[in-house]
Amino acid sequence: MSVPAPAPSRRALLLCLHNHQPVGNFDSVIEGAARDAYLPFLRTLADFPSVKVTIHFSGFLLRWLAERSPDTFSLLKALSDRGQAEVLGGGMYEPILALLPERDRLGQIEALALEVKRLFGKAPEGIWLAERVWEPDLPATLFAAGVKYLPLDDYHFVRAGLSPGELDGVYLTEYNGAAVRVFPGSERLRYLIPFGEVGETLREIERLTSRAVPYPAAIFADDGEKFGVWPGTHRSVYGEGWLRRFFEGVSERADWLTTMTFGEYASVAPPRGTVYLPTCSYTEMGEWALPPGPAAGFADLLHDLRDGKMAGMKPFLQGGYFRNFLRKYDESNQLHKRMLWVSERVAAARRVRPVRGRAACDFLYRAQSNDVYWHGVFGGLYLNHMREAAYANLLRAEAASDAVLHGGKERWTEAVRGDIDRDGGEELLLKTSGLTLLAHAHDGGAVTEISLPRRAVALGHVLTRREEGYHGKLRRAVGSFDGSTSIHDAIVLKDPSVLSALGVDPWQRASFREAYYRDGDLPEAILSGAAAPGCVTAGREASVTVARRGSRLAAEFAVPLGGEGIDLHLVKTLVLRGGGERFEARFRLENRGAETASGWLCSEWNLNMLSGDGPDRYYEGMGEARALSSSGVAKGVRGFRVVDAWRNVAAGAALDRECVVLREPVETASLSESGAEKIHQGVCLRVLFPVRLEPGNHERYSILWSFKYVD
């Protein structure tokens, strides 16, 4: 039974919910969100037939609900069928559209539009824009994709010069003639719903709709997870009845207030005019995208604004902008640039074999899910299982494309040389069908990606520990969430041990990074940081030579190592063979000084096994030590393994002589919606080769890395 469109009303309330779970999230987390937020919200909504909503589910979540939560999906379908809920489209896997090539922007929008039409019988006319990240050229993409309207934040419009009193309807924006309608979602309503008193919220709606214009509208557009997933909100929204009381209040005002979907409103309400929006997102994103010091300062400014101070300054406050995350986090930039490289690869494969290329395309789209490209009040980039999901899908897309482009052959090698991550330096992407390494010549040959494409396993993405703008707040944090305040306004320590993870690394976490320690530097002092290296390869420009012979590929990096009383020269080489899941790291250290060089050549390797504890993640060959969360010194080591039985991979290192091996976990302190937490990012292994070189002499060392299934 369909509900007829509402009669013209003097005032309109537009309620839009955005529900999203990222690719790679745990099933238990999605199950909890469906149980605590999505299903109870829809059940409450169903009790109020006169209340309409516009609702968005990202494609990954929508498919999950259709397959795994039939109660939630069937109720959503029923509400859609009777016209009470309009389902929006968007990017299939919730990408930041502005960061994608045009073909992928259109492909992502088309993929979700087809899915919505398949599931609900009607293609969407509007979309949700992930994280409301707007750039001025987007109307061209949206128009080409058939998009008619979308919500943004009122902040976008205020920054474009509109006064707060004008933000009560829909506007047109365009780019070189390609036009789309845009709705300004109220920031004030975002903070009131569902955290403010119901009466205060209704009064704000009345205030927002008080202008004498056609269909003055109060527009709310925000995350659906705040209705039950955010800490304390399930109790306040449902247990204490906030949502039911709110819907009752809206229904009681039906003589002057009508809820409408975006589609209904756009069909009857004339645009307020044309607006040209600047590059923008919501205000909090401007805080998170800034470096730590400015981020903390901008957070204080936003707090003052919400307290009613300096209201007239808001149009002039920009904060950071989303692409700043690519500068703030090397890991984000490298993942993004690898994604762009694979996108080109997928496009090339589609030109050769369209059917195989389409399968690769879906994996690529999954790798574009936005969460791992940034970090704010949600874990995002800091969640290693999310990064693993992005890399895994990127590797699947790349492997499927490589199979097409290499004609199904196994024993091939590739060496791509150039500024792959667009940071001004030279990188080498070394590829076989079984192994991918990304080395940075301008950083001494350091390797930031160690991947197994056939298994879709990435081992190299260990997050660097950095100072964050909220770290000072963590040190002062007390209390807990009770659902009466937004997660943007409170920080709580989920575990006091999180404070132990507030360290800052001197350079990006990477492998194949070397340092020289002097004679007398004890391994225990090196592990603790009490002993400083005499010289390092980090940040040094390496001269590069690449040689290919048959199925053998060798990349050589020559790096001078100098310091006070030290004159060494290191030539380090990566050797790969087509088809294999192994590589050799070779070192030739020469003493070019006038004195004997005696000490340690330290080669550092950072590997991500996703967890530091548990019976399925452990060391072998480190004496009695087993847990990846352990720290320590192992002496007389000729080989060891780091085992991840959950992903069925064991990384084994065979050393050419007895060495000392230092091990320690890499742990970070980060924010999540439920508070601050300590996250295991990987393990740091440092192999200490003993060095004693007379002037003019040299020595060779080697590590053979192999990646096998767990026996």
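Residues numbered from 1 in each chain as written. Predicted model: local features only at pLDDT ≥ 70, side-chain atom pairs only at ≥ 80, totals over all residues. Heavy atoms only, no water.

1. Section: the confidence of the model for the protein
And then number 1: Per-chain confidence: the protein averages 93 in pLDDT, with 96% of residues scoring 70 or above.
And then number 2: Within the model, the stretch residues 478–489 combines pLDDT values under 50 with 38 contacts to residues more than four positions away or in other chains. (pLDDT = per-residue confidence, 0-100. Contact = heavy atoms within 4.5 Å.)

2. Focus: the pairing of strand 14 (residues 446–452)
And then number 1: With respect to burial, strand 14 is a largely interior element, seven of its seven residues being buried.
And then number 2: For strand 13 (residues 436–440) and strand 14, the ladder comprises five bridges, and the chain directions are antiparallel. Following the sheet pairing, L438 is matched in strand 14 by E449.
And then number 3: In this antiparallel pair of consecutive strands, strand 13 and strand 14, the connection spans five residues, and G444 shows a positive phi of 70 degrees.
And then number 4: Between the antiparallel neighbours strand 14 and strand 15 (residues 457–458) lie four residues, among them A456 with a positive phi of about 55 degrees. (Buried < 20%, exposed > 50% of the residue type's maximum accessible area, 1.4 Å probe, protein only. Helix = DSSP H or I, 4+ residues; strand = E, 2+ residues; numbered from the N terminus. Pairing = 2+ DSSP bridges.)

3. Topic: helix 2 (residues 59–68)
And then number 1: Taken residue by residue, helix 2 has G59, F60, L61, L62, W64 and L65 as its buried positions.
And then number 2: Turning to helix 2, the residues buried within the fold contact strand 1 (11–19), helix 1 (27–46), strand 2 (53–57), helix 3 (70–81), helix 4 (102–120) and helix 16 (354–367).

4. Some points on helix 3
And then number 1: For helix 3, built from 12 residues, the straight-helix expectation of 16 Å at 1.5 Å per residue is met to within 8% by its first-to-last C-alpha distance of 16 Å.
And then number 2: Regarding helix 3, the residues found buried are T72, F73, L75, L76, L79 and S80. What you see down the axis of helix 3 is that its buried residues fit within an arc of 165 degrees, all on one side.
And then number 3: Tucked inside the fold, the buried residues of helix 3 contact helix 1, strand 2, helix 2, strand 3 (85–87) and helix 4.
And then number 4: G83 sits one or two positions beyond helix 3 and adopts a positive phi of about 80 degrees. (Expected span 1.5 Å × (residues − 1). Arc of directions from axis to C-beta.)

5. What about the sheet that holds strand 8 (residues 178–185)?
And then number 1: Sheet architecture is open: three strands sit in the order 6-8-7, paired in mixed fashion. At either end of the open sheet lies a strand with only one pairing partner, and these are strand 6 (149–153) and strand 7 (171–175). The mean angle between the axes of side-by-side strands here comes to 45 degrees, regardless of whether they run parallel or antiparallel.
And then number 2: As paired elements, strand 6 and strand 8 share five bridges and run parallel to each other. Pairing of Y149 across the sheet is with R181, part of strand 8. (Axes fitted to C-alpha atoms, helices over the stretch in contact; angles between N-to-C directions.)

6. Here we look at the environment of L114
And then number 1: The topology assignment puts L114 in helix 4.
And then number 2: The exposed category is assigned to L114, whose relative accessible area is 53%.
And then number 3: Along the sequence, L114 and M92 sit 22 residues apart, while their C-alpha atoms lie 9.5 Å from each other.

7. Some remarks on a nonpolar patch on the surface
And then number 1: A cluster of nonpolar side chains, namely M310, M313 and F316, defines an oily patch on the protein surface of about 340 Å² accessible area.
And then number 2: Looking at the secondary structure, you find M313 in the loop between helix 13 (292–306) and helix 14 (324–328). (Patch = residues over 30% accessible without salt bridge, like charges linked within 9 Å, V, L, I, M, F, W, Y side chains within 5 Å. Areas by Shrake-Rupley, 256 points an atom, 1.4 Å probe, with all protein chains shown as cover. Salt bridge = Lys/Arg side-chain N within 4 Å of Asp/Glu carboxyl O.)

8. What about the pairing of strand 18 (residues 543–549)?
And then number 1: With seven bridges joining them, strand 18 and strand 19 (residues 552–563) adopt antiparallel strand pairing. Residue pairing across strands places A547 opposite A554, the latter belonging to strand 19.
And then number 2: Linking two consecutive strands that pair antiparallel, namely strand 18 and strand 19, is a turn of two residues; a positive phi of about 65 degrees is found at G550 within it.

9. Quick look at the packing of aromatic side chains
And then number 1: As enumerated under the stated definition, the model contains 29 aromatic pairs in all.
And then number 2: Ring geometry for F41 and F247: centres 6.1 Å apart, planes at 75 degrees, overall edge-to-face. Taken together, the positions of F41 in helix 1 and F247 in helix 10 (residues 242–252) put the pair 206 residues apart, joining distant regions of the chain.
And then number 3: A centroid spacing of 6.0 Å and a plane angle of 50 degrees characterise the contact between F587 and F689, whose relative ring orientation is tilted. One end of the pair, F587, is in strand 21 (residues 582–591); the other, F689, is in strand 26 (residues 675–693), and 102 residues separate them in sequence.
And then number 4: The exposure class of F587 is buried, given its relative accessible area of 2%.
And then number 5: Following the ring pairs from residue to residue traces out a cluster consisting of F512, F557, F583, F587, W605, F640, F689, Y701, W705 and F707.
And then number 6: Against the face of Y709 rests R455, its NZ or CZ located 3.8 Å from the ring centre.
And then number 7: Cation over ring: R626 sits above Y618, and NZ or CZ is 4.3 Å from the ring centre. (Phe/Tyr/Trp six-rings, centres within 6.5 Å; stacked < 30°, edge-to-face > 60°. Lys NZ or Arg CZ within 6 Å of the ring centre and 35° of its normal.)

10. Observations regarding the pattern of salt bridges
And then number 1: This model, assessed by the stated rule, comprises 55 salt bridges.
And then number 2: Here D153 ties to R190 by a salt bridge, and the two come within 3.3 Å at their closest N and O atoms. With D153 in strand 6 and R190 in helix 7 (residues 187–192), this residue pair connects regions lying 37 residues apart in the sequence. Across this residue pair, the class does not change: D153 and R190 are buried.
And then number 3: Linking E524 and K635 is a salt bridge whose minimum nitrogen-to-oxygen distance equals 3.7 Å. Of this pair, E524 sits in helix 19 (residues 523–528) while K635 sits in strand 24 (residues 632–644), placing them 111 residues apart in sequence.
And then number 4: Judged by its relative accessible area of 57%, K635 falls in the exposed class.

11. Observations regarding the environment of R552
And then number 1: Tracing the sequence through the fold places R552 in strand 19.
And then number 2: Residue R552 is classed as partly exposed on the basis of its relative accessible area, which comes to 26%.
And then number 3: Linking R552 and T432, residues 120 residues apart in sequence, is a C-alpha distance of 9.8 Å.

12. Some words on the sheet that holds strand 12 (residues 427–432)
And then number 1: With antiparallel pairing, five strands are arranged side by side in an open sheet as 11-12-13-14-15. Among the strands making up the open sheet, the edge pair consists of strand 11 (413–418) and strand 15.
And then number 2: Pairing between strand 11 and strand 12: six bridges, direction antiparallel. Bridging from a neighbouring strand, E414 pairs with K431 of strand 12.
And then number 3: Contacts from helix 15 (residues 330–352) reach strand 11, strand 12, strand 13 and strand 14, with the element oriented near 55 degrees to strand 12.

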